[in-house]
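Residue-level listing of the chains:
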Amino acid sequence: MNFDLDAYLTRIGHARVAPSPEALESLHEAHVRSIPFENLDVLMGTHAGIGLDVIQDKLVRRQRGGYCYEHGLLFAAALEALGFSVERRMARVQPDRPGPATHMMLVVRIGDEEFLADVGFGWGLLRAMPLRDQEIVDQAGWKYRLLQNGPWWRLQRFERDWTTLHQFGPEVRYQVDYEVGHHYVSTHPKSPFWGQIVVMRLEPGLSKRFVGNELILEYSDGRIEKSIITPDHLDETLRSLDVVVTPNELAKLDTMR
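Residues numbered from 1 in each chain as written. Predicted model: local features only at pLDDT ≥ 70, side-chain atom pairs only at ≥ 80, totals over all residues. Heavy atoms only, no water.

A. Structural detail: the packing of aromatic side chains. Scanning all chains against the criterion turns up seven aromatic pairs. On the basis of an interplanar angle of 70° and a centroid distance of 5.3 Å, the ring pair of Phe-158 and Trp-162 is categorised as edge-to-face. The class of Phe-158 is partly exposed, set by a relative accessible area of 32%. An aromatic cluster is defined as three or more aromatic residues linked by ring pairs; in this entry it consists of Phe-37, Tyr-67, Tyr-69, Tyr-178 and Phe-193. When the ring centre of Trp-123 is taken as origin, the NZ or CZ atom of Arg-157, which lies over that ring, is 3.7 Å away. Over the aromatic face of Tyr-219 sits the side chain of Arg-223, whose NZ or CZ is 4.0 Å from the ring centroid. (Phe/Tyr/Trp six-rings, centres within 6.5 Å; stacked < 30°, edge-to-face > 60°. Buried < 20%, exposed > 50% of the residue type's maximum accessible area, 1.4 Å probe, protein only. Lys NZ or Arg CZ within 6 Å of the ring centre and 35° of its normal.)

Here it is as C-alpha cells:
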C-alpha cells in the first residue's frame, strides 16, 4: 500500500528532511514525544493487526498509540520514504533472564555509520543512538550505552548499576517475524501486555508509566511519585498520557482492570 508520509509528518510535527544523523535524531524524538506507547487494543481484544495500513489508520489518522511492532513498522516506513537506509531487527528483552526475542527495533545506516532507532520500547530511547561500543549517551536525562560482543549489541541503562534492557544481533527480520511475535505478545498469558493496561510516555527529565492500576512518574533526578488510579480517574489519566478512547472503549477497559 502507499505510505502517507505527509500525514505521518503532520502527526509528529516534523518537516521533510534529507537523511543525516541530525535528521534521524530529530525525527526519532518527534515520534517518541508525539505517539504514545500503549496496549489498549490488545487488552480489549480488538487489535486489528500490524499491517502498515492498519497501523497508519490507528497511530496517524486516529491519533492513538501502539506497542513496538506498530511504532517500529511505522517509523521504518517513514524513514525509507525520506530516503534513509533501514534494517528491521528483533531484540531479546532482558537477555540475562532470558526474556523472549520479541522486541522490534531498527538499525539505520547513514554513510559509514549505523544507528539504533528504537521508538517502540516505551520507557527507552528519546533519540537514536550510534552503534559505538561503550559510548555513554544521555537519553532524556538518563544514561544509556551500547556494549558490543562480536555481532551482538546490548542496550543498557544506568540505574544503580548498568542494566541490560535488550540484546540484538545482525539478522534482518521480515513482516512474518513480527506477525509471529505479535501473536505471542498479544495473546499469551505470560505476556506483560496481555492482561493489564500498559501506557508509557517519555519526555526530557520525566518518564510516565501507567501499568495495571498504578501511575508511576519517575524523574531523571531520582524522584519517583506513585498513585493508584481509580475507575473515576481512568479517562483523565489516559488523556494526560495523550491516549483518547471512546466511551465504549473506556467502559470496556474499566471492566477489565
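The rest of the description comes next.
B. Quick look at the sheet that holds strand β11 (residues 206-211). The strand order across the open sheet formed by five strands is β1-β10-β11-β12-β13, and the pairing between neighbours is antiparallel. Two strands close off the open sheet at either side, each with one partner strand: β1 (37-38) and β13 (224-228). In this sheet, strand β10 (residues 198-203) lies alongside β1 in antiparallel orientation, the contact comprising two bridges. Its bridge partner lying in β10, Glu-38 is registered against Val-199. (Pairing = 2+ DSSP bridges. Helix = DSSP H or I, 4+ residues; strand = E, 2+ residues; numbered from the N terminus.)

C. Examining the pairing of strand β8 (residues 152-158) more closely. Across six bridges, strand β7 (residues 142-149) lies against β8 in antiparallel orientation. Within β8, the residue paired with Gln-148 across the bridge is Trp-153. Hairpin remark: β7 followed by β8, antiparallel, with two residues in the connecting loop; positive phi at Gly-150, about 65°. For β8 and strand β9 (residues 162-168), the ladder comprises six bridges, and the chain directions are antiparallel. Looking across to β9, one finds that Phe-158 is bridged to Trp-162. The turn joining β8 and β9, which pair antiparallel and follow one another in sequence, is formed by three residues.

D. Here's a closer look at the sheet that holds strand β3 (residues 103-110). The strand order β5-β4-β3-β2-β9-β8-β7-β6 describes an open sheet built from eight strands, whose pairing is antiparallel. Two strands in the sheet have a free side with no partner beyond their single neighbour: β5 (129-130) and β6 (137-139). Looking at chain direction, strand β4 (residues 113-117) and β5 are connected through two bridges and run antiparallel. Bridge assignment links Phe-115 to a residue of β5, and that residue is Pro-130. Contacting β2 (85-93), β3 and β4, helix α5 (residues 68-81) runs over the sheet at an angle of about 20° to β3. Seen against the sheet, helix α6 (residues 175-187) touches β2 and β3 and runs at an angle of roughly 30° to β2. (Contact = heavy atoms within 4.5 Å. Axes fitted to C-alpha atoms, helices over the stretch in contact; angles between N-to-C directions.)

E. Region of the structure containing the side chain of Arg-145. Tracing the chain through its elements places Arg-145 in strand β7. Although Arg-145 lies buried, it forms no salt bridge, and the closest oppositely charged side chain, Asp-161, sits 6.3 Å away as judged by the N-O distance. Here Gln-156 takes part through its side chain, which lies 2.7 Å from a polar atom of the side chain of Arg-145. (Lys, Arg positive; Asp, Glu negative; His and termini not counted. Salt bridge = Lys/Arg side-chain N within 4 Å of Asp/Glu carboxyl O. Polar contact = N/O pair within 3.5 Å; in protein donor to acceptor, adjacent residues only side chain to side chain.)

F. Geometry of the pattern of salt bridges. Within the structure shown, the criterion is met by 22 salt bridges. The closest approach of N and O atoms between Arg-127 and Glu-29, which form a salt bridge, is 3.1 Å. Highlighted residues: Arg-127 in the loop between β4 and β5 and Glu-29 in helix α2 (residues 21-34), separated in sequence by 98 residues. Among the ionic pairs, Glu-218 bridges to Arg-209, the shortest N-O distance being 3.3 Å.

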